[in-house]
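Now for the letters of each chain:
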Amino acid sequence: MKLQKLLLSLCLALGISQAVQAQASIDETVKEWERAKAYTKEYLDAMPESGYALKPTPEMRSFAEQMLHLTDAGYGFGSAATGEKLPAGVGELEKSTTDKSKANITKLVLASYDFVIAGVKKLTPAQLSEQVKLFGRFDMSRGMALAKAFEHQTHHRGQTTVYIRLAGAKPPQEKLF
C-alpha cells in the first residue's frame with residue numbers, strides 16, 4: 001500500500017512537473033515573440049523615413065518591402081501555428097501596400113507581431129505538439145511552425161541591418177535577452 005501511494009505521488013508530481021514545463025514553454029514563447037517585436041521596432045525606428053524606399057540593388061526588396069515580407073510571413077506562419085483566422089487583406093502586403101511610409105509600415109509590422117503573440121497566448125500546452133500543415137505542404141507540430149516563423153522573421157530583420165547602414169544610420173545592438 002505504501003509503495004502504491006509513493007508511486008501515485010511520483011506520477012502526480014511528474015504530471016504536475018510536465019504541466020508546469022509545458023506552460024513555461026507557452027510563456028517563454030510569448031516572451032520571445034514580445035522581445036522580437038521590440039527588437040524589430042528598434043530596426044523600424046533606426047531607419048530614417050527616406051530609407052524606407054532604399055533598395056541595395058534594383059532586384060532586391062526595398063527596406064519597406066522587406067519588412068512587409070516579414071509581416072506577411074508572420075501572419076501566414078502564425079495562422080497555421082495557432083489556428084487563428086487571418087485578418088482580411090493579409091497575404092500580399094509586400095506587393096499591395098501603397099503607403100510605405102515609416103509610420104504605416106511600423107503599424108503593419110507591429111500588428112503582425114501582436115497577431116502571433118495573441119494566438120500563442122490562446123494555445124494550451126498540449127496544442128503545441130498537435131500536427132499542422134504549414135502552407136499546405138509541410139507537416140509539423142504547432143510548436144515547430146512557431147519556431148520556423150521565428151527563424152524567418154529573424155532572418156529578414158537581420159538582412160535589414162545592411163539597409164540601415166546603407167542609409168547612413170546605425171542599426172540596433174543585438175538583443176538576445
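Figured I'd write up the structure that's included with this text. Quantities reported herein were computed from a predicted structural model and do not represent experimental measurements.

## Focus on the overall build of the protein
Within the protein, the regular secondary structure consists of five helices and two strands. N-terminal to C-terminal, the α/β element order of the protein is α-α-α-α-β-β-α. When the 177 residues of the protein are sorted by exposure, 40% land in the buried category. Taking as baseline every contact in the protein between residues at least 6 positions apart, the subset at least 24 positions apart corresponds to 72%. Summed over its atoms, the accessible surface of the protein is roughly 10,100 Å², and 60% of this surface lies on carbon and sulfur atoms.

## Some words on the nonpolar core
Grouped together as the largest cluster of nonpolar side chains are 40 residues, with contacts concentrated most on W33, L44, F63, M67, I105 and L146. The biggest single contributor to this core is helix 2 (residues 63-82), with 10 residues.

## Looking at the pairing of strand 2 (residues 138-141)
For strand 1 (residues 131-134) and strand 2, the ladder comprises four bridges, and the chain directions are antiparallel. Following the sheet pairing, L134 is matched in strand 2 by F138. Between strand 1 and strand 2, which pair antiparallel one after the other, the connecting turn spans three residues, and F135 there sits at a positive phi close to 55°.

## Side note on the packing of helix 2 against helix 4 (residues 102-122)
Contact pair helix 2 / helix 4: the axes reach a minimum separation of 9 Å and the direction vectors enclose 15°. When the axis of helix 2 is compared with that of helix 4, the two are roughly parallel. Here helix 2 runs over helix 4; the crossing is left-handed. From helix 2, A64, M67, L68, L70, T71, G74, Y75, G78, S79 and T82 reach across to helix 4, where they touch I105, L108, V109, A111, S112, Y113, F115, V116, G119 and V120. Classifying every residue of the contact of helix 2 with helix 4 gives 13 nonpolar, seven polar and no charged.

## Overview of the packing of helix 2 against helix 5 (residues 142-166)
Here helix 2 crosses helix 5 at 175°, and the two axes come no closer than 9 Å. Relative to helix 5, helix 2 is oriented roughly antiparallel. Counted by class, the contact of helix 2 with helix 5 contains 12 nonpolar, eight polar and three charged residues.

Here is what the cut-offs are and how they apply
Residues numbered from 1 in each chain as written. Predicted model: local features only at pLDDT ≥ 70, side-chain atom pairs only at ≥ 80, totals over all residues. Heavy atoms only, no water. Helix = DSSP H or I, 4+ residues; strand = E, 2+ residues; numbered from the N terminus. Buried < 20%, exposed > 50% of the residue type's maximum accessible area, 1.4 Å probe, protein only. Contact = heavy atoms within 4.5 Å. Areas by Shrake-Rupley, 256 points an atom, 1.4 Å probe, with all protein chains shown as cover. Core = buried A, V, L, I, M, F, W, Y, C linked by side-chain atoms within 4.5 Å. Pairing = 2+ DSSP bridges. Axes fitted to C-alpha atoms, helices over the stretch in contact; angles between N-to-C directions. Parallel < 35°, antiparallel > 145°, perpendicular 65-115°, else oblique. Left-handed = near helix turned anticlockwise from the far one by under 90°. Nonpolar A, V, L, I, M, F, W, Y, C, P; charged D, E, K, R; others polar.

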